[in-house]
Amino acid sequence: MPGMSGRMSTVIKAKINKLLDRAEDPSETLEYSYQKQMELLQNVKKGIADVVTSKKRLQLQQQKLEGQVVKLDTQARQALAQGREDLARMALERKQFAQTELQTLDQQVAELEGQQAGLVEKEQKLRSKIEQFRSKKEVIKAQYSAAEAQVKISEAATGVGEEMADVGMAMQRAVDKTEGMRARAGAMEELEAAGAFDDNLALGSGQDDIERELHQLTSQTGVDDELAKLKGELGTGGSPQQLEPGESQPQQERPA
Amino acid sequence: MIVRIATEDQYRLPDDDAERLNDLDNQAVAAVEAGDEDRFHELFEQMLDLVRRDGEQLGDDELEESDVILPPPDVTFVEAAGEFTGEGLIPD
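Source: prediction; values computed, not measured.

A. Here's a closer look at the interface of chain A and chain B. Tallying the contact residues gives 34 residues for chain A and 44 residues for chain B. Together chain A and chain B conceal approximately 3,300 Å² of surface at their shared face, both sides included; 55% is due to carbon and sulfur atoms. Taken together, the links from chain A to chain B amount to eight salt bridges. Between Asp-74 of chain B and Arg-173 of chain A there is a salt bridge, with the nearest N and O atoms lying 2.9 Å from each other. Run the count over chain A and chain B and you get 16 residue pairs in polar contact (both at pLDDT 80 or more). Of all the secondary-structure elements, those providing two or more residues to the side of chain A that touches chain B are helix H1 (3–21), helix H3 (85–143) and helix H4 (146–193) of chain A. Per-element accounting of the side of chain A that touches chain B gives the leading share, 13 residues, to H4 of chain A. In terms of residue class, the side of chain A that touches chain B is built from 11 nonpolar, nine polar and 14 charged.

Structure, rendered in C-alpha cells:
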C-alpha cells in the first residue's frame, strides 16, 4: 500500500527489524527481544510517573489560580463599594485573565489524564502480549520442527516488536506534550515569582497580535458586563452614564 | 487485513475495505502535498472512522504483524508532511 500509511508501515517495520537484528544469532533474537520488552515496560512506567508528576504540578497551579480568582473578585467588590471603579475594573481584568489561564490549565490537566490512561492501557497490553509471546514460544517449539518453529517464533516476535514500537511512539508523544506543558508551567511560575503575573501581555506568548487584541476585546466586554453586574448587586448602579466603560469615578476617599 | 492505528490499537479489517482505505490514503497524501490542512484532517478522520467502525480489535493474545499502520490519531499536519520528507513520526 503506497501513501501515508504505507510509509508508516515501512518505517516501523524497518525499525522492528533493526531492533531484532541486533542479536547476532537467530536463537538470541528471542532472548534479546524479551530483554528489550522488559526494558520498554520499565520505560513506560517511568513515562507514566512523569505524566503524573506534571499533572500534579498543573493541579497545584489550578488551586493557586482559583484562590486568586476569589481574592480578585472580593477586591473588585470592595473597590466598588468604596466607589473606586478604576480599581474594581483592574481587579476584574486580572480576574478574567486568571480565569482564562484556568481554562487552559483545565484542558491541559484533562489531556494529561487522557495520556496517563492511554499509557496505562498500552502498558497492560504490551505486558499481556509479552506473556503471550513467552507461552507461544514454548508451544511452537514443542509442536513444530526446528526450522518451522524458528519461522513461527520470528513472526510472533515481529508481532510483539510492533507493539513495542507502538508503545515507544505513544510514550514519546506523551513525553513531548508533557514537556511543552511543563515549560509553560515553569514560565508561569517564574512570572509569578517576578510579580509579572498580572501583566496580560507578558503571558500572551504563543499568541499573535491579532489573537491578543481579540482576546483583549472580549475580555474587555466581559469586564464591563461583570462590572455592571457587581454594581447591580451592590446597588451602586445609578444613572446609565455611570456604567459607561472607561469612565472613571471622581476620586473619593481611598479604601482603608 | 490487519490495520494498526498507531498509539491506539490493531484491528482486523474486512478485505473489502482495503480499496476504500487505500483510496482515502492516496487522497490524504495528495492533500498534504497540496498543503491543504483541512482536507487532510477530514480525510484522515474518515480513515480512522472506517477502521474503527468496520474493524474488529485484535485480542491481547494475538501476535500479528500489521499489513498497514496508520499514523496516530492526534497526528498534526506538520508531522504528516514530515512523514514524506523528513524522518517521520517514529523516534529512534
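B. Just the side chain of Lys-55 of chain A, in detail. Residues and elements named next belong to chain A. Mapped onto the secondary structure, Lys-55 falls in helix H2 (residues 26–81). Judged by relative accessible area, which is 13%, Lys-55 ranks as buried. Look past the residues within four positions of Lys-55 in its chain and what remains in contact with it is Val-109, Leu-112, Glu-113 and Gln-116.

C. Representation of the confidence of the model for chain A within the structure. Looking at chain A as a whole, the pLDDT averages 77, with 75% of positions reaching at least 70. Low pLDDT, under 50, characterises residues 238–253 of chain A; the predicted model gives this stretch 21 contacts beyond four residues in sequence or across chains.

D. Expanded view of a negative patch on the surface. Side chains of Glu-155 of chain A together with Asp-15, Asp-16, Glu-64, Glu-65 and Asp-67 of chain B sit close together on the surface and give a patch of like negative charge. Its location among the elements puts Glu-155 of chain A in helix H4. Since its relative accessible area comes to 46%, Glu-155 of chain A is described here as partly exposed.

E. Local environment of the nonpolar core. In terms of nonpolar packing, the biggest core is built from 33 residues, with Leu-58, Leu-119, Leu-126 and Phe-133 of chain A touching the most fellow members. When contributions to this core are tallied by element, the ones reaching two or more residues are H2, H3 and H4 of chain A. With 13 residues, the top contributor of residues to this core is H4 of chain A. Those residues within four positions of Leu-126 of chain A in sequence are excluded, and the remaining contacts are Leu-40, Leu-41, Glu-163, Met-164 and Val-167 of chain A. Core analysis: the second largest hydrophobic core is formed by 23 residues, Leu-21, Val-32, Leu-48 and Phe-77 of chain B among them.

F. Layout of the pairing of strand S2 (residues 9–12) of chain B. All names here are of chain B. As paired elements, strand S1 (residues 2–5) and S2 share four bridges and run antiparallel to each other. In the sheet register, Ile-2 faces S2, and the bridge partner there is Arg-12. Taking the residues between adjacent antiparallel strands as the criterion, S1 and S2 are bridged by three residues, where Thr-7 takes a positive phi near 65 degrees. Bridge analysis of S2 against strand S3 (residues 56–57) gives two bridges, and the strand direction is antiparallel. Among the inter-strand pairings, Arg-12 is bridged to a residue of S3, identified as Glu-56.

G. Inspection of the pairing of S1 of chain B at higher detail. Residues and elements named next belong to chain B. Here S1 shows two buried faces, one formed by Ile-2 and Arg-4 and the other by Val-3 and Ile-5. Pairing between S1 and strand S4 (residues 68–70): three bridges, direction parallel. Its bridge partner lying in S4, Ile-5 is registered against Leu-70.

Rules used in this analysis
Residues numbered from 1 in each chain as written. Chains lettered and ligands numbered in written order. Predicted model: local features only at pLDDT ≥ 70, side-chain atom pairs only at ≥ 80, totals over all residues. Heavy atoms only, no water. Contact = heavy atoms within 4.5 Å. Buried area = accessible area lost by both parts, 1.4 Å probe. Salt bridge = Lys/Arg side-chain N within 4 Å of Asp/Glu carboxyl O. Polar contact = N/O pair within 3.5 Å; in protein donor to acceptor, adjacent residues only side chain to side chain. Helix = DSSP H or I, 4+ residues; strand = E, 2+ residues; numbered from the N terminus. Nonpolar A, V, L, I, M, F, W, Y, C, P; charged D, E, K, R; others polar. Buried < 20%, exposed > 50% of the residue type's maximum accessible area, 1.4 Å probe, protein only. pLDDT = per-residue confidence, 0-100. Patch = residues over 30% accessible without salt bridge, like charges linked within 9 Å, V, L, I, M, F, W, Y side chains within 5 Å. Areas by Shrake-Rupley, 256 points an atom, 1.4 Å probe, with all protein chains shown as cover. Lys, Arg positive; Asp, Glu negative; His and termini not counted. Charge placed at Lys NZ, Arg CZ, Asp CG, Glu CD. Core = buried A, V, L, I, M, F, W, Y, C linked by side-chain atoms within 4.5 Å. Pairing = 2+ DSSP bridges.

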